[in-house]
Each structure stands twice: as structure tokens, then as C-alpha cells.
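Spelled out from the first residue to the last, the chains are:
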2 protein chains.
Amino acid sequence: MSGRLTVVGLGPGNLAQITPEALDAVREAEDFFGYIPYLDRLSLQPHQRRHASDNREELSRAEAALTLVAAGGKVCVVSGGDPGVFAMAAAVCEAIENGPPAWREIDFRVVPGVTAMLAVAAKAGAPLGHDFCAISLSDNLKPWSLIEKRLALAAEAGFVMAFYNPISKARPHQLATAFDVLRAHLPGSVPVIFGRAAGRADERMRVVPLSEASSDMADMATCIIVGSVETRLIEREGQQPMVYSPRSSKRES
Amino acid sequence: MSGRLTVVGLGPGNLAQITPEALDAVREAEDFFGYIPYLDRLSLQPHQRRHASDNREELSRAEAALTLVAAGGKVCVVSGGDPGVFAMAAAVCEAIENGPPAWREIDFRVVPGVTAMLAVAAKAGAPLGHDFCAISLSDNLKPWSLIEKRLALAAEAGFVMAFYNPISKARPHQLATAFDVLRAHLPGSVPVIFGRAAGRADERMRVVPLSEASSDMADMATCIIVGSVETRLIEREGQQPMVYSPRSSKRES
């Protein structure tokens, strides 16, 4: 079996933010599996084949890729951002664990990338400069009660929070509920950053206090960062304020 | 004032993991501030100047860089990994907030990078595939009691945890205490990944159950990832096991 599987992170969407390692992996593969908008970012050669699939088909996409690798294919599975953060690497591992034993011996590699929260944080200043957590707000694969519990504990811990998958057509109401949960645990002055398409031509950044955060400020392509009690706002003339979380904390436990 | 300040993330240390955007920023700058090993990674031109400083001088380094920018300098402040994660971006923001008002108008930009936990996770499989947090274990800038509180709450929330700054000569005992705290809250079977210099020639990866994790498995250059109760290990013949956190969770709150 001479097949090879590489799960590649394409970064936030700006060509200048893809690593050379990711571009090399794309160059060396022959078959590409992924969600359509990520495949659309690739400039493929005539001998390279696209296998596009829809957003919520991660597991069947991973199985199809592994099947082709087991038959000798040189396969790339592509993710936006980093493949290890709410993306395809975990789906591929899950498919390997539950698939035929031979899949465990497949030549398998994950190529990391710049994940969305890092790109959004960079545009805002340094909101992730202190301890933080990353939470998917999608309740497709976990109970909503667990998400609410995590929000409350993260607020109690003083973590800055980054939210992936904040809202979608199938989940229109969860984000507003999440903000309500946070408002019960954090002061309304805590800054909330809505970062959409950070680093791309259609980038949109917005900073509002938690008291004013609302779900219509986000869409599927938005990564949201909620500051901690210690996160600071630096006002600047004619520019967006800078948001940062100091490296030091004077909070007692 | 025509100076410019770019805070650049050089990624985990492998040249193939630096983004083109970061390399462009390095090409365009004339003065470079940073911790010596990060400056050593740069191939500078004869007209480009190094201003090296030691590990724990972040704030004075940021102030020196801003002073030069205010005088018209084209300055890069470099970090390993991503500058926004326990690195220089927050120190620069802090210096701007507490410095002369003119510093707020400085042309300031952060260039994101692949942070250590993403590179370590990629080598291990997909341990950050579900909700996770990142905690600096250094108590130089926050009370140790706060770190212990965060460890306990993160365990209760079911977060996978990535630890930065796990140990140093000045802080030899904290990591062992952290493992003890975790063992009081998590089963001993939870996998712990010690990832040192991920993606570099001297890379060293090790996976042990929490019950066996000990502080002598880490040094300053190690990023540690502690799985959640749901994190899975896939054994493979003649290879390191794969570690991943499933995208779905059946835990009730």
C-alpha cells in the first residue's frame, strides 16, 4: 500500500497566510477532498482531481478519502484555518478508528495552519494574550446544555473565549442564548470582537461591549472573541480600538 | 511620523511553516527586536539590524521598539509561533496603552503564525478536535492559585488543555503540582502529549497516560496537551499512537 493521506490547513483564506508546507502538500497530491469553498481556493493542475462535498458531511468525506488512500491514492483532505481545530483532522481520526484495521497503517500526516481565532486576534490587537478557550457553538454534535455549562465555567475561570461555528441557518437562535448566558456571568463592558473573513478582501471587524452584542452581528464565516474581565480597550483616533488581554493577572482565585 | 511596527509570528520553528506574509514583513523592516533564539532564525540583509534581548524582558523590548518606531523606524518585533498567544503582541499593546499618547497613532500590525499547540496537535493526530483551552503555567505574572483554579474548572468543563511555558529553571516545581491537580479531577487514563520542538529537526513527541505524566518529561521548549475524558488513543503498529478528541460529545452538563 503506497497511498498517502495529508490533512492540510489552508489558513484563514488569504493566500499570504498559507504555509509553504501546505502548498507543498497540495502540489504532491492527486485527489482532493473538502468542503466546496475550500477546494475553490486551490489552483489545481490538470491531473489533480476535486472531490467536493457539503459542509456537514465530514465523516463520509473522511471515509471516502481513506478508501482511496487504501487503494494507493495520494490524497489531500483540505480544511480552512487549521485542520485540527473544529475541522477535518478529527473526522479523519474518527474514521480511522472505526474503519478497517488496515487504515491504521496508512501514511497519515496533518499539516497545521493559521486558525481563524489567531487571524481575528491579530486584526484586533492581542485579545488572546492571556489564558483562553475555544468553543464550537454548534449543538449538532453535542448537547446545548453542555455548551451552556462550558460558557459559565469559562467565565468563572476568567478565560477569554473564541467561538467557532457561532450561527447558521439551521441554528439561528443559539448565539443569542450564548450571549445571555455570558451576560449573567460577566460585566456588560467586556469587549466582544466579531471577526469575519479576517485577512480576506471582504474582511469585516467589529468590536462592541457584551451588553450590546447581538446574534445578527455574526454569520457562518464569523469568529467571535469574547474578552475576560481583564481585557483592555485602547481607543484610537479614526481607527478601530485595539483590544488586548494583559499578560499579567492580579485576580486571586 | 512615518514609522511602522509589525509584530510577526515565525511559527513553530520549521521554515516551511512560516507564512509568506511573515516573510514579507521581515523583508520590509529595518530593525528587529526579539528574544535571541527567534532573531537567530532570520536571514537578515546587511542593512537590517538586530536588537536582541532576553526571555523575560518583553515589556522593555516593546518600549524600545515603539520608541524607535515613533522616531520613524520600520520595526519588526518577532515571536515564535503566533505573536498573539503568550507572546509579544500583548506586551506591545500594554506598552502602547501605558506609553505617550502619540504611540496610539503608530502604524501597528500583527502578523499571525502557527502557534505551538497547533503544530504539536498536528503531529499527534487531532487532540484539539473538540473544545479546548490554552493556559500558561508560568506564575511570573499571575498567582499560582489562579492557575490551579483554572485547571480545576477546565477539567470540570471537559476542555482539552494546552499548556504553554510549562517549566523553567526559575519554576522547576509548578508542573508537577499541575499534574497533581489534574489527577484529582481527571481519570489517570487521560492521554498527555509532550511535544518538544514540533516540526523541527530535534522534534520529540511522547504520549503517556496522566497517571504517568511527570515534570521531567518537559522543558522550556515543550508544549503539553492534556486530553479530556473523551479523548481517544488509536494504537498503531511500530508507530506512535494517534490521539484525537472526537467532534461529538455525549456528555450531559
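Residues numbered from 1 in each chain as written. Chains lettered and ligands numbered in written order. Predicted model: local features only at pLDDT ≥ 70, side-chain atom pairs only at ≥ 80, totals over all residues. Heavy atoms only, no water.

- Chain A has the name Precorrin-3B C17-methyltransferase in an unreviewed UniProt entry, where Agrobacterium bohemicum is given as its organism.
- Entered under Pathway (unreviewed entry) in the UniProt record, the comment concerning chain A runs "Cofactor biosynthesis; adenosylcobalamin biosynthesis." (UniProt positions renumbered as here; feature names shortened; annotations may be inferred.)

### Considerations on the UniProt feature "domain: Tetrapyrrole methylase" (unreviewed entry) in chain A
Then step 1. UniProt records the feature "domain: Tetrapyrrole methylase" (unreviewed entry) at residues 4–213 of chain A, using the numbering of this structure.
Then step 2. For residues 4–213 of chain A, the end-to-end C-alpha separation is 45 Å, with 34% helix and 24% strand making up the annotated structure. (Helix = DSSP H or I, 4+ residues; strand = E, 2+ residues; numbered from the N terminus.)

### Notes on helix α4 (residues 88–98) of chain B
Along an α-helix, residues three or four apart share an orientation, since each turn contains 3.6 residues.
Then step 1. Where burial is concerned, most of α4 of chain B is hidden: 10 out of the 11 residues are buried.
Then step 2. Where α4 of chain B is concerned, the buried positions are Met-88, Ala-89, Ala-90, Ala-91, Val-92, Cys-93, Glu-94, Ala-95, Ile-96 and Glu-97 of chain B. (Buried < 20%, exposed > 50% of the residue type's maximum accessible area, 1.4 Å probe, protein only.)

### Quick notes on the environment of Arg-4 of chain B
Residues and elements named next belong to chain B.
Then step 1. Tracing the backbone shows Arg-4 in strand β1 (residues 4–9).
Then step 2. The partly exposed category is assigned to Arg-4, whose relative accessible area is 30%.
Then step 3. For the pair formed by Arg-4 and Val-78, sequence separation is 74 residues and the distance between their alpha carbons is 14 Å.
Then step 4. Arg-4 has contacts with Glu-28, Val-69, Gly-73, Lys-74, Val-75 and Asp-107, leaving out every residue within four places of it along the chain. (Contact = heavy atoms within 4.5 Å.)

### A look at the packing of helix α6 (residues 144–157) of chain A against helix α6 (residues 144–157) of chain B
Two quantities define a packed helix pair, namely the angle between the helix axes and the distance between the axes.
Then step 1. One can describe the packing of α6 of chain A onto α6 of chain B by two numbers: an axis separation of 9 Å at closest approach and a directional angle of 180°. Between α6 of chain A and α6 of chain B, the interaxial angle falls into the category roughly antiparallel. In contact with Lys-149, Arg-150, Leu-153, Glu-156 and Ala-157 of chain A of α6 of chain A, α6 of chain B contributes Lys-149, Arg-150, Leu-153, Glu-156 and Ala-157 of chain B.
Then step 2. Partitioning the contact of α6 of chain A with α6 of chain B into residue classes produces four nonpolar, no polar and six charged. (Axes fitted to C-alpha atoms, helices over the stretch in contact; angles between N-to-C directions. Parallel < 35°, antiparallel > 145°, perpendicular 65-115°, else oblique. Nonpolar A, V, L, I, M, F, W, Y, C, P; charged D, E, K, R; others polar.)

### Some words on the domain arrangement of chain A
Residue and element names in this part refer to chain A.
Then step 1. When cut into domains, chain A gives domain 1 (4–114) and domain 2 (117–244).
Then step 2. One C-alpha centre belongs to domain 1, the other to domain 2, and the line joining them spans 28 Å.
Then step 3. On the side of domain 2, 13 residues touch domain 1, which itself brings 11 residues to the contact.
Then step 4. Across the domain 1 to domain 2 interface the summed buried area is about 810 Å²; carbon plus sulfur atoms make up 62%.
Then step 5. Sorting the residues of domain 1 by area buried against domain 2 places Pro-12, Arg-56 and Phe-86 first, and these three jointly supply 54% of that buried surface.
Then step 6. On inspection of domain 1 and its partner domain 2, the count reaches zero salt bridges.
Then step 7. Scanning the region where domain 1 abuts domain 2 turns up two residue pairs in polar contact (both at pLDDT 80 or more).
Then step 8. In the side of domain 1 that touches domain 2, the residues fall into five nonpolar, four polar and two charged. (Domains from an automatic or database assignment. Buried area = accessible area lost by both parts, 1.4 Å probe. Salt bridge = Lys/Arg side-chain N within 4 Å of Asp/Glu carboxyl O. Polar contact = N/O pair within 3.5 Å; in protein donor to acceptor, adjacent residues only side chain to side chain.)

### Digging into the sheet that holds strand β13 (residues 239–244) of chain B
All names here are of chain B.
Then step 1. Reading across the sheet, the three strands line up as β6-β13-β12 and stay open at both edges, with mixed pairing between neighbours. In the strand order of this sheet, the two ends are held by β6 (125–126) and β12 (232–236), each with one partner.
Then step 2. Direction of pairing for β6 relative to β13: parallel, over a ladder of two bridges. Within the sheet, the bridge partner assigned to Ala-126 lies in β13 and is Tyr-244. (Pairing = 2+ DSSP bridges.)

### Considerations on the nonpolar core
Then step 1. Grouped together as the largest cluster of nonpolar side chains are 60 residues, with contacts concentrated most on Leu-151 and Met-161 of chain A together with Leu-151 and Met-161 of chain B.
Then step 2. Once residues within four sequence positions are removed from consideration, Met-161 of chain A is found in contact with Cys-133, Leu-151, Ala-154, Ala-155, Leu-182, Leu-186, Ile-224, Ile-225 and Val-226 of chain A.
Then step 3. Ala-134 and Val-160 of chain A together with Val-85 and Ala-198 of chain B belong to the second largest nonpolar core, which has 42 residues in total. (Core = buried A, V, L, I, M, F, W, Y, C linked by side-chain atoms within 4.5 Å.)

### Some words on the interface of chain B and chain A
Then step 1. Listed per partner, the contact involves 74 residues of chain B and 74 residues of chain A.
Then step 2. With both chains or domains summed, chain B and chain A bury close to 6600 Å², and 58% of this area falls on carbon and sulfur atoms.
Then step 3. The tally of links from chain B across to chain A stands at 10 salt bridges.
Then step 4. In this structure, the salt-bridge partner of Glu-58 of chain A is Arg-247 of chain B, at a minimum N-O distance of 3.8 Å.

### Quick notes on the environment of Gly-9 of chain B
Residues and elements named next belong to chain B.
Then step 1. Within the secondary structure, Gly-9 is located in strand β1.
Then step 2. We classify Gly-9 as buried; its relative accessible area is 2%.
Then step 3. Distance from Gly-9 to Asp-82, taken between C-alpha atoms, is 4.5 Å for residues 73 residues apart in sequence.
Then step 4. With sequence-adjacent residues up to four places away left out, Gly-9 is seen in contact with Ala-22, Ser-79, Gly-81, Pro-83, Val-111, Pro-112 and Gly-113.

### Side note on the relation of the copies chain B and chain A
Then step 1. In the superposition of chain B on chain A (RMSD 0.0 Å, axial shift 0.0 Å), the rotation amounts to 180°. In symmetry terms, the pair is related by a two-fold rotation axis. Within chain B, Cys-133 of chain B has its C-alpha nearest the rotation axis, a separation of 1.9 Å.
Then step 2. Mapped onto chain A, 100% of the interface residues of chain B are again interface residues, and the two copies thus contact each other with one and the same surface. (Least-squares fit on C-alpha atoms with pLDDT ≥ 70 in both.)

### Some words on the pairing of strand β2 (residues 31–35) of chain B
All names here are of chain B.
Then step 1. The element β2 is largely enclosed, with a buried count of five among its five residues.
Then step 2. In the sheet, β2 pairs with strand β3 (residues 49–53) via five bridges, with the strands oriented parallel. Residue pairing in the sheet places Phe-32 in a bridge with Arg-50 of β3.
Then step 3. Relative to strand β4 (residues 74–79), β2 is paired through three bridges, and the arrangement is parallel. When the sheet's bridge partners are listed, Phe-32 is paired in β4 with Cys-76.

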